[in-house]
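Close look at the chain arrangement
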Amino acid sequence: MSSPISRFVLSSVPGEDQPLQRDALVLDLGSDWDTDTDKIADDATSSQSTPGAPGTPVTPGTSDTPAPTTSANTPEEVVSRAAINFVSANDDSDDEFGGGRRPVHRDRFRSRRRASIAPLPALRLNSKEMLASDFDSHSVASNQASITSVNSLASLLREKMQAFPQLIRKKRRETKDYKIKIFVVVMFFIIIFLIGYAYVAYHQQVLTRSYFQKIKFNPQDRVFRLLSHEDKEVIMGQLGVTLGSDTAPFHCLEEQRRRDGSVCIEWNGLARLHLNFEDKGVFRCYSLQWQALADGLLPTDCYELKRDNGLWFGGGVTKGQEWSLSYANFEFAPYASGDSKVQQFGNGVKRYFINSIGVAMQVSERSPLQLGVNRTENRFCLRAAHDEFTFVNRLSPLPQLEYRICTTEDMRSLHMLMTQQSLWDGLKEQDIRELHKLLEEPVWRVPHSEQPDSLNESAICDYSENAIAVGLGHIVISEFWQENIGDFAVDRARFPTLKDTIDVLHRRGFKVVLTIQPFISTDSANFKEAVRRKLLIYERHSERSIPALTRYKSSASAGVLDITNNASVPWLLEKLQRLKEEYGVHSFYLDLGTGYNLPHYYQCRQTLDNPDTYARLLTASLESAGLMAVSTASVVPKPPTFLAAPPANATWEGLRETLAAVLNYGVIGYPFVLPGAIGGDYLLQRPLSKMVSFYALAAPPLPSAELFVRWLQLATFLPAMQFGHLPSEYRSELVSRVAQELREVRQTVVIPLLKKYLNPSMNEGLPLVRPLWMMDPHDPACLMVSDEFSVGEELIVAPILHEGRREREVYLPQGVWKDGIDGSLRKGSRWMHGYRVPKDKIAYFRKMPDNTRF
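Read on for a plain summary of the structure. None of the values given here were measured: they were computed from a predicted structure.

Focus on the pairing of strand 10 (residues 263-267)
With five of five residues buried, strand 10 lies mostly within the body of the structure. With burial as the criterion, each face of strand 10 is covered, one bearing Val 263, Ile 265 and Trp 267 and the other bearing Cys 264 and Glu 266. The pairing of strand 9 (residues 249-251) with strand 10 spans three bridges and is classified as antiparallel. Residue pairing across strands places Phe 250 opposite Glu 266, the latter belonging to strand 10. Across five bridges, strand 10 lies against strand 11 (residues 271-280) in antiparallel orientation. The partner of Cys 264 across the bridge, within strand 11, is His 274. Count of turn residues in the strand 10/strand 11 antiparallel hairpin: three residues, of which Gly 269 carries a positive phi of about 75 degrees.

Spelled out as structure tokens, the structure:
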């Protein structure tokens, strides 16, 4: 049997050209351990000599005293004796000067320290050589510090033999540590990612500059952040969306900068941005103005549509009748008045938008504004773009987008700031009395069919006689009082004694209102006169003598008065004043249509900012004639003039649209809104492909009793009431009783509140009828409720707006409220689920004093 250890080789290999200073010691431990051990022991014994007197040389091969023998020799002892023999034989060298031998005293267990430190020996295991570093990582270091004594060499070999099993165990253990290695690698890549992210974030922070303390703006990626007084981010958006990301910004040249303290940044050859600040105490307003410098570039700024449960309001009535812009979704559309059933926006517009978190925007009237809402991308965008109709009159060679952003802590206070305008300026006592009359008394619109002949003196007298039972007020006569639209003269064939009829109405307590338009039918005698005097809007790119024509209601072809012509307004005022003097007409209802009712290729003598400028100028020009209401507005008309809500279809959907119109117009700053007729203004079972104003629609047939009652209940709490059909037409005890009860509620509850909050509305721009969030803008539930409203701050109304409903969900803001149906007290800041509302009742709640106890 062979030993597990077959062969050890300890070697020190000199160079070929150098003399051997130390011979190699090779120990072969063969297959027979005892035989090799005896042989090595004999050789070692024969080579030893007993030390003699001092100076006596020790000659190899001579011995005075025989070496002791043992019956067995361990490997360590054999190796030790062989090493002693090897060292002794090689230390007897010739004398350096005499060539003789000098006797040296040797201790068998000591040898002199080597002159140089040689590398540690290698281990050959089964004819396979392994370096010492494979056994122990400290071999090299220990090698340099080792002493080449026999005992040290033997101890080193013993240590290596003992360390060999540990090496095997170490290799096995390393195979189990791969999970740790993977974890280390993953952590390495995570650290690299975090370092990269931190670098990018720091780079963006360095690029982001602070403007006017509260604006954080990075000109490179154009990210805009606006901070509140507490340095909390209230709005974030991206400016200049259409610029791209590869254009570097720089500060404007000196000649492009303004002297008002604004900051000017330019993107070379593409666009220029001016930022400015206006301090209003607790309010902070910032103005932004983009100027395009290249053809085809449309300045576009986008802001977050929803943030921290905040919602955007404003814009008036939209096509989808959304309660909030945050729930809308539509492509870019010109912001101009229109028919919300065909165009994107309704008949009342105002470039004002407010967010419930305390941010408001107001866009300049001179900007060709397009509005877009993308709910998927959570973006609310403003864009300046010219087109071929709405903004065809280019006020600047390239589009400019100009607006301001204001912030404060309280949404309600912010709304007051943005809509604040004193409506008292220039008012007379007669105007105030007229305003009170419109709040107190209903408006009566005499029904008519599609044929003008159906409207005559007898129809007016009969209608007024039946209306007396409900109340007095203003009787409105449609445009069919004249033979053709634009005659501005009574049709004597149908109204031969109109003056006498009006006198009768006056004695009954009614006031007569005639409907007028700026349109002149081509069949009217006034059309020829207007063409001759060049009083009409003319075709673009043509001579001023060619009028631009359009269609309006019963007139298939009509011209439009050019309000910018200095001769047009006096001509029209003269005719209106003649009507008032000759027939005793009280005032007029100005039916302007919408901006889209103007001729497509219109051109006025003076350039208009947009089509809505026409309505604004005409309304202001006719104030002296007395206007009860206008059908279109882009600014708040001077009281006592009301803004009429869009005509409503005689359906349940029309009922819901009426409430939405009144609330949305109140939000954008129209406090006095005249809703449509109770029961609807017309009836269409399918949507029209064109605007309602293109058709001479007749009054609707008598709607169902349930729809009429629910509509009457809603109108009782609105700023004004307008009747088409009368309650007496139903010949129903239920309808008559409900009408009488609601009349008492309006006289005793609603009208006192309307008058109480009239002054705040005139001074601060707050509407008379308000959404719930104006009562408590910090209550999330108030922001979400769209089918309740308040009259001032003391009355909550929750109408039924769906067919067949006898119950609904009701939310009451904070406070104590008294139920208008059963008189019970209700605690606020909570929902009432399944609240029962009988068909002859409407849910309303009056606010009680704060110290009220149950």
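Moving on, there is more to tell.
Some thoughts on the side chain of Gln 343
Looking at the secondary structure, you find Gln 343 in the loop between strand 15 (330-334) and strand 16 (352-355). We classify Gln 343 as buried; its relative accessible area is 15%. Ignoring any residue separated from it by four or fewer positions in sequence, one finds Gln 343 in contact with Lys 319, Gly 338, Tyr 596 and Met 691.

A closer look at the packing of aromatic side chains
Within this structure, the stated rule accounts for 24 aromatic pairs. Measuring from centroid to centroid gives 6.4 Å for Trp 444 and Tyr 463, while their planes differ by 75 degrees, and the two rings are edge-to-face. Residue Trp 444 is located in strand 21 (residues 443-445), and its partner Tyr 463 is located in helix 8 (residues 457-467); the two are separated by 19 residues in the primary sequence. By the burial criterion, Trp 444 is buried, and Tyr 463 matches it. Ring centres of Phe 488 and Trp 571 lie 6.2 Å apart, and the angle between their planes is 85 degrees; this geometry places the pair in the edge-to-face category. Residue Phe 488 is located in the loop between strand 22 (474-477) and helix 9 (498-508), and its partner Trp 571 is located in helix 11 (residues 568-583); the two are separated by 83 residues in the primary sequence. Under the relative-accessibility criterion, Phe 488 is labelled buried at 6%. Residue class for Trp 571 comes out buried when judged on its relative accessible area of 4%. Among the aromatic residues, those joined into a cluster by ring pairs are Trp 312, Phe 330, Tyr 335, Phe 345, Phe 353 and Phe 380. Seen from the ring of Tyr 589, Arg 445 lies directly overhead, with NZ or CZ sitting 5.2 Å from the centre. Sitting over the face of the ring of Tyr 602, Arg 540 holds its NZ or CZ atom 5.8 Å from the ring centroid.

Rules behind the numbers
- Residues numbered from 1 in each chain as written.
- Predicted model: local features only at pLDDT ≥ 70, side-chain atom pairs only at ≥ 80, totals over all residues.
- Heavy atoms only, no water.
- Buried < 20%, exposed > 50% of the residue type's maximum accessible area, 1.4 Å probe, protein only.
- Helix = DSSP H or I, 4+ residues; strand = E, 2+ residues; numbered from the N terminus.
- Pairing = 2+ DSSP bridges.
- Contact = heavy atoms within 4.5 Å.
- Phe/Tyr/Trp six-rings, centres within 6.5 Å; stacked < 30°, edge-to-face > 60°.
- Lys NZ or Arg CZ within 6 Å of the ring centre and 35° of its normal.

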